[in-house]
There are 4 protein chains.
Amino acid sequence: MADTPTQPLDGDPAARVLVAGASGFTGALAAQLVWRHPRLELAAITSRSDAGTRLDRLYPRYRVPLELTELDLDSLEGVDAAIVAYPHGAAAPTVAALHERGVVVADLSADFRLRDAATYERWYGSHGAPDLFGTAVYGLAELYREQLRGAALAAIPGCYPTASLLALAPLAERGLLSDVVVCAMQGTSGYGRSSDDIVHFSAMTENAFPYKTEGHRHRPEIEQELAALGSEAPVAFVPHLLPLDQGELATCFARLSEPLGGEELQSIYRERYDGEPFVHALEGPPNLRAVRDTNECHVHATVEERGGVFAFSAIDNIWKGASSQAIQCLNLMLGLEETEGLT
Amino acid sequence: MADTPTQPLDGDPAARVLVAGASGFTGALAAQLVWRHPRLELAAITSRSDAGTRLDRLYPRYRVPLELTELDLDSLEGVDAAIVAYPHGAAAPTVAALHERGVVVADLSADFRLRDAATYERWYGSHGAPDLFGTAVYGLAELYREQLRGAALAAIPGCYPTASLLALAPLAERGLLSDVVVCAMQGTSGYGRSSDDIVHFSAMTENAFPYKTEGHRHRPEIEQELAALGSEAPVAFVPHLLPLDQGELATCFARLSEPLGGEELQSIYRERYDGEPFVHALEGPPNLRAVRDTNECHVHATVEERGGVFAFSAIDNIWKGASSQAIQCLNLMLGLEETEGLT
Amino acid sequence: MADTPTQPLDGDPAARVLVAGASGFTGALAAQLVWRHPRLELAAITSRSDAGTRLDRLYPRYRVPLELTELDLDSLEGVDAAIVAYPHGAAAPTVAALHERGVVVADLSADFRLRDAATYERWYGSHGAPDLFGTAVYGLAELYREQLRGAALAAIPGCYPTASLLALAPLAERGLLSDVVVCAMQGTSGYGRSSDDIVHFSAMTENAFPYKTEGHRHRPEIEQELAALGSEAPVAFVPHLLPLDQGELATCFARLSEPLGGEELQSIYRERYDGEPFVHALEGPPNLRAVRDTNECHVHATVEERGGVFAFSAIDNIWKGASSQAIQCLNLMLGLEETEGLT
Amino acid sequence: MADTPTQPLDGDPAARVLVAGASGFTGALAAQLVWRHPRLELAAITSRSDAGTRLDRLYPRYRVPLELTELDLDSLEGVDAAIVAYPHGAAAPTVAALHERGVVVADLSADFRLRDAATYERWYGSHGAPDLFGTAVYGLAELYREQLRGAALAAIPGCYPTASLLALAPLAERGLLSDVVVCAMQGTSGYGRSSDDIVHFSAMTENAFPYKTEGHRHRPEIEQELAALGSEAPVAFVPHLLPLDQGELATCFARLSEPLGGEELQSIYRERYDGEPFVHALEGPPNLRAVRDTNECHVHATVEERGGVFAFSAIDNIWKGASSQAIQCLNLMLGLEETEGLT
C-alpha cells in the first residue's frame, strides 16, 4: 500500500464529484461509490472533524486512499457535482453555496425533502437556506425519474421514507390507501458514527427496541409523498433499532379504500416494478441479507386475514437508503445511465 | 464435576415435577427453573431424541446434572406436576394421560389454548384429546390469576400472545380497542432447536425478516383473549425473526373507540400493572436486554400523532414467553407464592 | 416501579459496602452483585460523570434503584468495605484514602497488582500511593485463599490474568512451565463504556482483531504470578477483541520442562481444581456461553502433537474477570462464606 | 425477476466453467464469482441434495439465476474447467474423472493438498484417486504462481493453511522459523451448511470456543508447506469458532533461529508482499471487516517482548480461504490475468 492508487476510470470522467462530510457512515460510503464509479471522478472528500486523515485509515473496508480536507467553497474549480452528507440543519447553507456556484448537488440531509415550510420548522427548526427551500427534486428515482434528469438539486430521502414509500407506492398511486401504520426497523449504521452508549456493541448485542415513540419527523415526509402519489392517508410511524449493521425493514400495514384479492395485489406490485432496475417485487417476504451492500429494494405485499394489507420492503439503509441512492440520482442528474457504478 | 450435585431445596419439596420434552429450548429451560426452584423437586426429565444424555452436556449453561430418559406413563409414582414441552398436536395425548393420572399439568403447546374447536382444527389439525379441549385455564397469571389457583391444567401461552396481550390488556379490559395491528419480533430461540438453514448463524447474522405473512395461528388466540377481556377487535398480526437469541418485542398499534390523552393513557397502564410482580409499565419504550433471563414484561404506551395508540411490550420469549411463565402458573396451581423460584 | 424497593437481606448485613466508580461496566455490575448479596448491604454507589442518575436508568438490566452520588471521603460513616472501579492510576489515591479510614478495599484497578515498582512505572506511570504499593493481596482466591481471609486490601486481577493464571496454575505450581504463549480473546465489555469508534456495533459486528500487539501490560503481571507459583517462564501475550459482549477465552500454549502424557495432564487439572467452588476442569474445550453471568472458570488442557500443551480457560470477563471476583474476595476478607451471593 | 438474466460477459468467454457441489457455502460463492467474472462463463452448477432448485432461491444474496442439476460426467461437452466443492474423500473420484476428460480442475477439498500418502491416510482415510495423488499444484498463487500457469489440477488450500502460510511465508522462506504456534479463529461459514446444533444462531451468538483441540488435520499441511518454503518447523495448531459469518484470523507465534529487530521484520514483510495484488503488509494489526467479501489477505508482524514474533493475517474464509482463491488459481491455469473477476 505504498503508492496511492489512482482511480480506475473508463476514459474521461463525465463529472468531477466532491463528497462533503465524508467521515460519517453515509459520506464515507458515498466517497467509496464515487471512487469505484467508472464515469465519476472523486474530486475531493471533506470533513471538519477528521481533516488530515486518509479515508482508508478511518474505514479500511473502503479502499479510498484520499485524504480528508476541510471544505473550501472558494476552491471548487473543476468540481461539477457534490454529495453533501451533513446533519440536518447544517446542510442547507453549504448546499446553497454549492448550488450558487453551479455545482449539481445531491443532498443526503432532510433540509430539502419537505415542501411545507411550517412542517420543516416544526421538526427541524429554522431553515438555513429559505430561498432554495421547496425547489429540490425528491431523490427517489422510482417516483421522480423524469424530474431528476438534468436537475440541479436533489433531496435524497433517508432509509425510512425510501423503504416505506417503495413498499406503499403501488397502492398510493391508485389512490387506494386510507390508513397506514409503518413499523420500521433499522441497523445501527442508521444511528450514525455516534458515540452514544446506545450503539456500544455491549449495549446493542442481543437487544432491540422501538425509539422516538412520541412522533418521528419522517412521518410527515412519508405522508407528503403518499399524498403526491394520490393517497392522502394518515401514517402512524414507529422506528426500531436492531442488532445488525446495515439494513432497513419497513413492515407497512394499510387499510384500503376498496378491497383487493391476493392475486390482484401481487400483480399490482409485479407490474409496478417490472422494468425497475433496482426494485424487485418478490413472491415471498424480503430479507435484509439479500440486499446488503446493494442499491436494491425488495418488496412484497399480502392481504391479511382481517382485510388489510401488509406491504414489506427491505433495503440497505446506507446504500439505497442513502449513499447509493445519491449516486442513482446523480447519474440521472448528470445524464448518465441510471445504473452506472451501481451493479 | 465428578459427583452429581443434588438439588438445593428449602426443606421438603412442595411438589415433585416432571419435565417432558426437556431436550428442546423451552423444555431445557423449564428443567433448569425447576432445578433451581426452592420448593419444587425435579423428579425426571424426558426426551425421545436425546434419552441417555445428561442435560448439562446438551446445555452446559444450564446446570441440571440429570439424565434424560424416555417418558414412561406407567411409572409416574411420586410425580405431582408436569411441564409438557411437546410440539403442537403431539402434546394433547400426553397431557391427557398425565391429567388422568392426577398430575397437575402446565402445557407449553398450543393444544389447549384455544376454546373454539373449529378454530383449533383450522390451524392445527384434529385434536388429540377432544374431551379435555376447552377445559384448561389460560396460563397468563396477570389475566387469570384466580382461576389458576388450584387448577389442574393450564395452557401456557407462547411468546407472541403473551407479549401482545400484556401490551393491550389495559385497553382491552376497558372495551377501548376497535382495531389492532401487531408487529411482533422475536429471536432465534423462538424458532426452536431446529436444523433449518434459516437459523444457521451464517444465515441469520446481519439479517431480519417477516415470516408467515399469509396468516399466523397466534392471531385467533390473541383475538380470543382480547374478546374475553372486553374488546372484540380484529387483529392483524405479523411476526419477524431478529438476529438475537432470547427476546420478543410486540409493537401494537390500536385504534380506540374513544380518544385518550397521553397522560390518561400512561396512568391507565401504571394503574393496571401496579402491584403486578412481573409486569412493569415503563415511562419510555422497553428493550429486550432489560428483560433477558427474567420472567418480567416491560410495557409502555403512547398516543401517536394521528390519534392511534402504540403499545409496546418486551419479554424474554423462552422465559415469560414460555418456561418461566409455566413456573409462575405452577406456583399458583400448587398453592405456592406466585414469585417463588423466579426472582 | 414507583417505590424504591429496599434491598432484600437475610437479617442484619455483615458489612455495608460502597461501590466507587459504579457507572462503568464493572462498577455497575459490582453494585448489582452487592445489591443481590444476602449478607452485604449496598451503602452507596458513586460516580463523577453520572452523579444524580439512578443506576437502573443507566443499566436497566441491573435492578439497583439507587442514585449515583459523588464520592465524599469525609462521610464514610458506617461504610465497612468498598469496591473501587476506577481507571488505573486514578484508583491508588482513593484506595489509600479508604484504607486509611479503615475501610476494607477490593480494588479492580491494576494499581496494586504488581509487586515491582519499576515494572509498574514502566507500564502505568508514577504510582499514586507508593506507601501502599506492594501491600495488597492478589485477589485470586484460587491462589491466595488463606492470605485473603481477613485481608484489608485486595488487588483484583483483570480478566486476562485471571483466565491465563487459572489455565496455567496447575502446571506452574509443579514448576513445569518453561515457555508460554497466551492468545487471549475478549468481548467488548472488556473495552469499557468507551465512546471509541471501535466498539460501535457497526464497527464490531462481523469483526475480530488482535490489538496492543507491541506489548501488553498484563504480560508482566502474568509472569509475576507464574513465578510466584513456581515457574519462571517467559510469556508471550496477545489479546484479541471479539464480536460479543461478555466473555474471555485464554488459549495458552506451553512448553514443559518435562513431558506429560494426556491422561496425566488431565488428572493434574482434575485434582488441582477438585473442590474449588468456581473452577471446573472439563473433559473437553470450554466455551463462553457456559460461563456467562457466572463467577465460574472452565479449564481444559490437552497435549498437542508436537509435544507442547494447550491449556484453555473461559470466564465471563466482567464477572470472574472483575466484579464477581471482587465479591468472592470480599467474602473471604470479611469472614463470610466464599460463595455467598455468587450462586 | 421474471426473465432469467444472461451472464454479462466481455466478448467471448475464455472458458466455460462447471461448479460441482454448488449448494454448499463455498460452491455457491464459487458459482457467484464465475457468474460475475467477465471472461468465464458459468456452464453448469450441480448438487445432489438440491438438484432442481435455482441457486438464487437457496442463496438470494448471490444473483445466480441458474438451476442446480445432478452432475453427469457423460455430458461435459464444452466444459473447459471445473471448481469442485465436495467434502474431503468424496472429491477425489470426481476430480479424477473430470481430469481424465481434459477438464482443468480447481479442487476445494483436501484430497490433493498433501504430498505424503501416509499422512493423507492418517487424517482422511484411503484416497479415492491414488494415481492422481501428489500431482496437483498447491493452489496458493503467492507461493506457486509459476507452477499454476497452465496447470491442469490445483489443490486449493482451505482458510487455515491459507491464512497461516501467508502470515509465516516471509520468515519460512528465509529459513528463520524454528517453532510455530498457530491460534486460528474463523466464522461459522467455515463450519459449512451444517445442521449441527453448534451453529444454530442461539448457540453461537455471544459464544466462542476452541475445537479439535486433540489435533487438527491442517497442521501437517501447514508443516508441509513451511518445509517446502525452507523451514522445517513443528507447528502447534488450534482452531476456534467465532460468532461471525465470514472471516479467518491467524495469530501465529514463532520462535526464530536468529533474532530480528522490529524494523527489519516489518521491512521483510513489506518487501515480500510488495507487488502482490491481493496480499498487503499492514503497519498495524489486521481486522476481518477490512477483508470481508474480498480475495485479500492482510498481514502484519511484530517482535514481542520475550524475543518471539507474532505474525497475524486476516482473510475472508470463504473467499481467499476457498472460492475466490479458486478463481485466482483458475485465472492463472487458464492464462488469464490473475486478478480478473476479483476486483
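Quantities reported herein were computed from a predicted structural model and do not represent experimental measurements.

Caption draft 1: Quick peek at the packing of aromatic side chains. Enumeration over the complete set of coordinates arrives at 34 aromatic pairs over all chains. Taken together, a centroid distance of 4.9 Å and an interplanar angle of 25 degrees make the contact between Y120(B) and Y124(B) stacked. Of this pair, Y120(B) and Y124(B) are both found in helix α4 (residues 117-124), four residues apart, which corresponds to roughly one turn of the helix. Among the residues examined, Y120(B) registers a relative accessible area of 1% and is labelled buried. Members of the aromatic cluster, joined through ring pairs, are F25(A), Y59(A) and Y62(A). One cation-aromatic arrangement involves R61(C) over Y62(C); the distance from NZ or CZ to the ring centre is 5.2 Å.

Caption draft 2: Structural detail: the packing of helix α1 (residues 25-35) of chain A against helix α10 (residues 319-333) of chain A. Residues and elements named next belong to chain A. Contact geometry of α1 with α10 gives a least axis separation of 9 Å together with a crossing angle of 40 degrees. Between α1 and α10, the angle is such that the two are oblique. Remark: the crossing between α1 and α10 carries right-handed chirality. When α1 is examined against α10, the residues T26, L29, A30, L33 and V34 are found in contact with a partner set consisting of W319, A322, S323, S324 and I327. Residue composition of the contact of α1 with α10, by class: seven nonpolar, three polar and no charged.

Caption draft 3: Up close: the sheet that holds strand β4 (residues 104-107) of chain D. Residues and elements named next belong to chain D. Spatial strand order, β2-β1-β3-β4-β6-β5: six strands in an open sheet with parallel pairing. Only two strands of the sheet have a single partner each, and these edge strands are β2 (40-46) and β5 (137-138). Two elements, strand β1 (residues 15-20) and β2, share six bridges in a ladder whose sense is parallel. Directly across from V19, in β2, lies its bridge partner I45.

Caption draft 4: Representation of the relation of the copies chain B and chain D in the model. Superposing chain B onto chain D takes a rotation of 180 degrees combined with a translation of 0.0 Å along the rotation axis, leaving an RMSD of 0.0 Å. Taken together, the rotation angle and the small translation identify this as a two-fold axis. Mapped onto chain D, 100% of the interface residues of chain B again fall at the interface, so both copies present the same surface.

Conventions we followed
Residues numbered from 1 in each chain as written. Chains lettered and ligands numbered in written order. Predicted model: local features only at pLDDT ≥ 70, side-chain atom pairs only at ≥ 80, totals over all residues. Heavy atoms only, no water. Phe/Tyr/Trp six-rings, centres within 6.5 Å; stacked < 30°, edge-to-face > 60°. Helix = DSSP H or I, 4+ residues; strand = E, 2+ residues; numbered from the N terminus. Buried < 20%, exposed > 50% of the residue type's maximum accessible area, 1.4 Å probe, protein only. Lys NZ or Arg CZ within 6 Å of the ring centre and 35° of its normal. Axes fitted to C-alpha atoms, helices over the stretch in contact; angles between N-to-C directions. Parallel < 35°, antiparallel > 145°, perpendicular 65-115°, else oblique. Left-handed = near helix turned anticlockwise from the far one by under 90°. Contact = heavy atoms within 4.5 Å. Nonpolar A, V, L, I, M, F, W, Y, C, P; charged D, E, K, R; others polar. Pairing = 2+ DSSP bridges. Least-squares fit on C-alpha atoms with pLDDT ≥ 70 in both.

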